Amino acid sequence: MVQKASTAIHRLAYRRPFAEDRRVMDRWLNTHFSDAMAAGLPESNPDRFAIPASELPTDSLRGSLTQLRLESGVFLLDRDSKLIAWNQTLEDLFVEVEFLASESLPHRLPIDMVQLLSGGSDLISLGATELDYSFQSKDDRGRMCFWDVSGIRRDYNSGANAISATLIRPVALLKTDATEEGLSLSESLLVYQQFDSVDRQICEAIAMGDTTGDIATMVGLTRRSVEVRRAKILERFQFTRPVEIVRLLVRLEENGLL
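Residues numbered from 1 in each chain as written. Predicted model: local features only at pLDDT ≥ 70, side-chain atom pairs only at ≥ 80, totals over all residues. Heavy atoms only, no water.

Draft legend 1. Seen up close, the nonpolar core. Counting 24 residues, the largest nonpolar core has Phe 195, Cys 203, Ile 215, Ile 233, Phe 237, Ile 245 and Leu 249 as the members making the most contacts within it. With 6 residues, helix α6 (residues 197-207) is the largest single contributor of residues to this core. Excluding residues that lie within four positions of it along the chain, Leu 249 makes contacts with Tyr 192, Cys 203, Glu 204, Ala 207 and Leu 258. Leu 77, Phe 135, Val 149 and Ile 168 belong to the second-largest nonpolar core, a separate cluster that totals 20 residues. (Core = buried A, V, L, I, M, F, W, Y, C linked by side-chain atoms within 4.5 Å. Buried < 20%, exposed > 50% of the residue type's maximum accessible area, 1.4 Å probe, protein only. Helix = DSSP H or I, 4+ residues; strand = E, 2+ residues; numbered from the N terminus. Contact = heavy atoms within 4.5 Å.)

So, in C-alpha cells, the structure goes:
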C-alpha cells in the first residue's frame, strides 16, 4: 500500500499585517524622495534633487530603513535595477546572502525568486507606481514558502530619475512531509522554559525589535556576549534568523503558553 504524502500550509505569525509595513514604507519614501529628500545633504544645496541614484546617501538611507523596524525585508533599486539600500530584516531573511550597493540582486538568492523579484522591479521601472503580488519559492533553509511582495515607485529630480522600493516577506510555509525537520510548538516551548532569565530577556527584546546594543545595555552584558547568546538561542530552537523568534513568541502567546 502506498501512503500518500500529506501537504500542509502553515501560516507564519507577525505582529502587524503586511499592508501596514507597506503604509510605513510609503510614508518613508514620501519623506526621503520628495521635498525632504535632503537626507545627509545641506538644505542650502540648490541641486539636492539633481543627484543621480549612484550618489544618494546610501549609508544614511540604510540606517533610516533599519530604524523603521519593519517585519518585511525591504530593498531599493535605481532605474538600472542596481541596489541602493536595504534594511536589516532583509539580511535576517537571507543570512547566507551578501547584499552589495550598486550591484544587482544577489544570485545566491534562489534563481526563481530573483527572476520574479526582478520582473516586478522591471514593471515598476517601466512606470507602474504600485505593484502587489505573491509567489512560491524556497527560503534560505530550502523550505518552500509563499511570499508576499509589494513594489512602490518614486520619481525625483523633477521626474528625471526614479527608484523602486520592494517589500518582501514569507507568509506561509508549505510542508509536504509531516516528518520535516523542525521543532513543534510544544517542543519549542520546552526549550524556552529551559532558558535562564537573561536568555528569555534577549528573546523578548529581539521580538520587540531592539538592537544588539540596546539588549546589551538592558541585560548588562557586552555586545559580543549578547551575540554569542543569541547564536546559541537560535541553535537551540533550530532557527537560522532572529525573526523566527518573533514568530515563535507570537504563536506561544496566541496559544496561551506564555
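Draft legend 2. Examining the pairing of strand β6 (residues 161-175) more closely. With 14 of 15 residues buried, β6 is to be regarded as a mostly interior element. Sheet topology note: the strand β5 (residues 144-156)/β6 ladder contains 13 bridges and is antiparallel. Each residue of the ladder has a partner; that of Cys 145, found in β6, is Leu 173. (Pairing = 2+ DSSP bridges.)

Draft legend 3. Up close: empty space enclosed by the protein. Tallied over the full model, the rule gives 2 cavities of 30 Å³ or more. As a volume, the second largest cavity reaches approximately 40 Å³. In terms of residue count, β6 provides more of the lining of the second largest cavity than any other element does, 3 residues in total. Here the residues of the lining of the second largest cavity are counted per class, giving 4 nonpolar, 2 polar and 3 charged. (1 Å grid on protein atoms, 1.4 Å probe; cavity = no way out; pocket = protein on both sides within 12 Å on 5 of 7 lines; lining within 4 Å. Points joined across faces, edges and corners; volume = space filled by probe spheres on them. Nonpolar A, V, L, I, M, F, W, Y, C, P; charged D, E, K, R; others polar.)

This is a description of form; function is not addressed.
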